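As a plain string of letters, each chain reads:
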Amino acid sequence: MGNEISSLGTYLGEKLRQRDTYYTALVVGLLINVYSQLLVPLLRGHEDPLAKFSEEFETHPILVSVSIGLGFCFPFLVGIYAAVTTRYARRKVDLRVWFPDYKPDPVFRVD
């Protein structure tokens, strides 16, 4: 049990050190926020969605800030969860692939 938890911690640390995690969350978060804050009001018939956003931000600043933050946090957390669980599920296969290269003994070599 302790070894599995340390594996999860290792996989999580490796994923958090990768820059593409943050770039992906930034791009997807921007798309979510542009869609939800600007495009949806435009599709609902509001003439100026930026004015509508400014009005909502002035009346409910905490709610709008949390909404924007969730637009970035959700893809960040989903990306990390997906990567870590995939690596954790593949750990035995990765170990089998890694082991012959690690052992220099010719008995363990498969060509």
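If you're wondering where the values come from, they're calculated on a predicted model, not measured in any experiment. (Residues numbered from 1 in each chain as written. Predicted model: local features only at pLDDT ≥ 70, side-chain atom pairs only at ≥ 80, totals over all residues. Heavy atoms only, no water.)

Draft legend 1. Inspection of the packing of aromatic side chains at higher detail. With the rule as written, the count across this model stands at 2 aromatic pairs. On the basis of an interplanar angle of 25 degrees and a centroid distance of 6.2 Å, the ring pair of Phe53 and Phe57 is categorised as stacked. Placement of the pair is Phe53 and Phe57 together in helix α3 (residues 49-59), with a separation of 4 residues, close to one helical turn. (Phe/Tyr/Trp six-rings, centres within 6.5 Å; stacked < 30°, edge-to-face > 60°. Helix = DSSP H or I, 4+ residues; strand = E, 2+ residues; numbered from the N terminus.)

Draft legend 2. Expanded view of the pattern of salt bridges. As enumerated under the stated definition, the model contains 2 salt bridges in all. With its nearest N and O atoms 2.4 Å apart, the salt bridge here joins Arg87 to Glu14. Within this pair, whereas Arg87 is found in helix α4 (residues 61-89), its partner Glu14 is found in helix α1 (residues 2-16), the two being separated by 73 residues in sequence. A relative accessible area of 29% places Arg87 in the partly exposed class. Between Glu56 and Lys52 there is a salt bridge, with the nearest N and O atoms lying 3.9 Å from each other. (Salt bridge = Lys/Arg side-chain N within 4 Å of Asp/Glu carboxyl O. Buried < 20%, exposed > 50% of the residue type's maximum accessible area, 1.4 Å probe, protein only.)

Draft legend 3. Spotlight on the packing of helix α2 (residues 19-43) against α4. α4 packs onto α2 with a crossing angle of 140 degrees between their chain directions and a minimal axis gap of 8 Å. For the element pair α2 / α4, the angle class is oblique. Here α2 runs over α4; the crossing is right-handed. Two secondary-structure elements touch here, α2 through Thr21, Tyr22, Ala25, Leu26, Val28, Gly29, Leu30, Ile32, Asn33 and Gln37 and α4 through Ser67, Ile68, Gly71, Phe72, Pro75, Phe76 and Ile80. Of the residues that constitute the contact of α2 with α4, the class distribution is 11 nonpolar, 6 polar and no charged. (Axes fitted to C-alpha atoms, helices over the stretch in contact; angles between N-to-C directions. Parallel < 35°, antiparallel > 145°, perpendicular 65-115°, else oblique. Left-handed = near helix turned anticlockwise from the far one by under 90°. Contact = heavy atoms within 4.5 Å. Nonpolar A, V, L, I, M, F, W, Y, C, P; charged D, E, K, R; others polar.)

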